[in-house]
Amino acid sequence: MSKSKNNRVSKLPPPKQQKTKSFSAVNKKSKRKTYTEEELGIPKLNMITPTGIKAPSGKKKGKIFIDDPKSMMTILALVNADKEGQIESKMMKARQMEEIREARRKEAEQREQTRKNKLEETKNDIKKGNKKGRHADVAINPKPHRQKDQKPEKRVAFAKSTAGLV
Amino acid sequence: MRPLTEQETKTLFEKLANYTGRSLSHLVAPPASTDSSSANANAQVMTFRLHGLRVYYLPVSLANLATTIARPNLLSVGTCIGKFSKHGKFRMHITALDVIAPHARYKLWVKPNGEMPFLYGGNVVKAHVGKWSEDCPAHQGVVVLAMNDTPLVFLQNETTSRSDRGD
């Protein structure tokens, strides 16, 4: 027991004399040079207050209320003009669409009319006994027969032979 | 309770202007009556006030009186027009109907037999339409009225009211 106690004591460092700081040394430390922001050369954007923002002096803080009818009417006039423009453009668009629709409808009607007319014409022709129908031109120009002096059509011979083999 | 700021006023008027025409200005400044001075005296100057997120429409005299009531104690004053959402949009309430109905730009009158089906959530069918304002563009604010000019609803129509369509 006593041995270990002796060992522990021996491990402690030997006592030293404490040095007290002289007054001059303390004074030196406090007289450290302080740099201004310009001297440090910090980029301006990194500063606490950004360069663009400047606190306005002598101006009302917080919200600005609109209470008098005059300024209300000014805002109202602006809003009304905006809305009028919107409605006007909507109406214009609607009118244009209407015109396009009308034109399309007329075109379709015309097409229908011409189709009907054609049908009527054909019907009348048939009623009158004129056999000039759909196949009339075929009847007039039947398929021309091959003449005797013309060469016979070419035929493929191997097709026949292969068929025989199989 | 406080007056509206510029941005809030703009948002509010933009919403109101969906339904009303140029006569919306009568809401802020009542038209000068020419008949007698007593009528002029009766015409109250109206204003908008914000309390919480709700916007109220009330006479200035009432707004001044209401300042005597502490904010937490004041529930409501004047006519509630609607409320600002937390995103800053303005939503109109049905209580605003009486305010906007006289100044509505586009109106639609529903016949008596169509009133109840419409108020119970049905559409306004063509057979129930008594009359309507001509040249109404699509998605425009419309005030629906009964035939005796009682405003029923304000809404945004879905299609143009075209009489020549025949559907």
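Residues numbered from 1 in each chain as written. Chains lettered and ligands numbered in written order. Predicted model: local features only at pLDDT ≥ 70, side-chain atom pairs only at ≥ 80, totals over all residues. Heavy atoms only, no water.

The following threshold applies: UniProt positions are given in the numbering used here, feature names are shortened, and annotations may be inferred rather than shown by experiment.
Per an unreviewed UniProt entry, the recorded name for chain B is 60S ribosome subunit biogenesis protein NIP7, and the organism is Ramalina farinacea. Recorded under Function (unreviewed entry), the UniProt text for chain B is reproduced unchanged: "Required for proper 27S pre-rRNA processing and 60S ribosome subunit assembly."

As annotated in an unreviewed UniProt entry, chain A carries the name 60S ribosomal subunit assembly/export protein and comes from Ramalina farinacea. Within the UniProt record for chain A, the comment given under Sequence similarities (unreviewed entry) is "Belongs to the LOC1 family."

### Topic: the overall build of chain A
Cut-off, in case you're wondering: Think of it this way: any DSSP run of H or I at least four residues long counts as a helix, any run of E at least two long counts as a strand, and we number them from the N terminus. Any residue under 20% of the maximum accessible area for its type is buried, any over 50% is exposed, and the rest in between are partly exposed; the area is computed with a 1.4 Å probe on protein chains only. Here, Shrake-Rupley sampling with a 1.4 Å probe gives the accessible areas, and only protein chains in the shown set may cover a residue.
Summing up its helical and strand segments, chain A has six helices and zero strands in all. From first element to last, N terminus to C terminus, chain A shows the α and β order α-α-α-α-α-α. Burial statistics for chain A: of 166 residues in total, 7% are counted as buried. Summed over all atoms, the accessible surface of chain A reaches about 17500 Å², with 57% contributed by carbon and sulfur.

### Digging into helix H4 (residues 69–128) of chain A
To be explicit about the condition: The span you would expect from a helix comes to 1.5 Å times its residue count less one. Between two residues, a contact is recorded if the distance between any of their heavy atoms is within 4.5 Å.
Helix length check: H4(A) (60 residues) gives 86 Å between terminal C-alpha atoms against 88 Å at 1.5 Å per residue, within 8%. Among all positions in H4(A), only Ser71(A), Met72(A), Ile75(A), Leu76(A), Val79(A), Asn80(A), Lys83(A), Ile87(A) and Met91(A) are buried. In this structure, the buried residues of H4(A) make contact with helix H1 (6–16), helix H2 (25–28) and strand E1 (46–51) of chain B. Looking at the residues trailing H4(A), positive phi occurs at Gly129(A), about 95°.

### Here's the deal with the pattern of salt bridges
Where we set the bar: For this analysis, a salt bridge means a side-chain nitrogen from Lys or Arg found within 4 Å of a carboxyl oxygen belonging to Asp or Glu.
All chains considered together, the criterion is met by 10 salt bridges over all chains. For Arg105(A), the salt bridge goes to Glu102(A), with nearest N and O atoms at 2.4 Å. Residue Arg105(A) and its partner Glu102(A) are located together in helix H4, separated by three residues, close to a single helical turn. The exposure class assigned to Arg105(A) is partly exposed, which follows from its relative accessible area of 42%. The class of Glu102(A) is partly exposed, set by a relative accessible area of 31%. Between Arg105(A) and Glu109(A) there is a salt bridge, and its shortest N-O distance comes to 3.0 Å. Taken as a pair, Arg105(A) and Glu109(A) lie in helix H4 at a separation of four residues, close to a single helical turn. Bridged by salt links that share partners, the residues Glu84(A), Arg22(B) and Arg105(B) form one connected network.

### Overview of the side chain of Glu8(B)
Residues and elements named next belong to chain B. Test applied: Identification of polar contacts relies on pairs of N or O atoms within 3.5 Å, with a donor-acceptor requirement for protein atoms, meaning one able to donate a hydrogen and the other able to accept it, and with residues adjacent in sequence counted only if both atoms are side-chain atoms.
When you line up the elements, Glu8 lands in helix H1. For Glu8, a relative accessible area of 16% gives the class buried. Of note is the side chain of Glu8, whose polar atom sits 2.9 Å from the backbone nitrogen of Thr5. Contacts of Glu8, omitting those with residues within four sequence positions, involve Arg2, Leu50 and Phe84.

### Topic: the sheet that holds strand E6 (residues 129–132) of chain B
Backbone-to-backbone hydrogen bonds join strands into a sheet, with any given pair of strands oriented parallel or antiparallel. Residue and element names in this part refer to chain B. Our working rule: Criterion used throughout: strands pair if DSSP finds at least two bridges between them. Axis lines are fitted to C-alpha atoms, over the contacting stretch for helices. Their N-to-C directions set the angle, which ranges from 0 to 180 degrees.
The mixed open sheet is built from four strands, whose spatial order is E6-E5-E7-E8. Since the sheet does not close on itself, it has two edges, and those belong to E6 and strand E8 (151–156), each with one partner. For this sheet, the mean angle separating the axes of adjacent strands, direction not counted, is 25°. Contacting strand E5 (107–110), strand E7 (141–146) and E8, helix H6 (residues 112–119) runs over the sheet at an angle of about 60° to E8.

### Concerning the packing of H4(A) against H1(B)
The cut-off we apply is this: These descriptions rest on fixed angle ranges, namely under 35 degrees for roughly parallel, over 145 for roughly antiparallel, 65 to 115 for roughly perpendicular, and the rest for oblique. Crossing handedness follows the turn of the near helix against the far one: under a right angle anticlockwise gives a left-handed crossing, and clockwise gives a right-handed one. When residues are grouped by polarity, Ala, Val, Leu, Ile, Met, Phe, Trp, Tyr, Cys and Pro land in nonpolar, Asp, Glu, Lys and Arg in charged, and all others, Gly among them, in polar.
Across the interface, H4(A) lies against H1(B) with an axial gap of 9 Å and an inter-helix angle of 45°. Judged by the angle between their axes, H4(A) and H1(B) are oblique. Classified by chirality, the crossing of H1(B) by H4(A) is right-handed. Residue-level inspection shows Met72(A), Ile75(A), Leu76(A), Val79(A) and Lys83(A) of H4(A) in contact with H1(B), the latter providing Glu6(B), Thr9(B), Lys10(B), Phe13(B) and Glu14(B). Residue composition of the contact of H4(A) with H1(B), grouped by class: five nonpolar, one polar and four charged.

### Some words on the interface of chain A and chain B
Under the convention used in this document: Take the accessible area each of two parts loses on contact, using a 1.4 Å probe, and add the two losses: that sum is the buried area.
On the chain B side, the residues contacting the 20 residues of chain A number 29 residues. Among the residues of chain A in contact with chain B, Met72(A), Leu76(A) and Ile87(A) are the three that bury the most area, contributing 22% of the side total. Among the ionic pairs, Glu84(A) bridges to Arg105(B), the shortest N-O distance being 3.0 Å. At the junction of chain A and chain B, the tally comes to six residue pairs in polar contact (both at pLDDT 80 or more).

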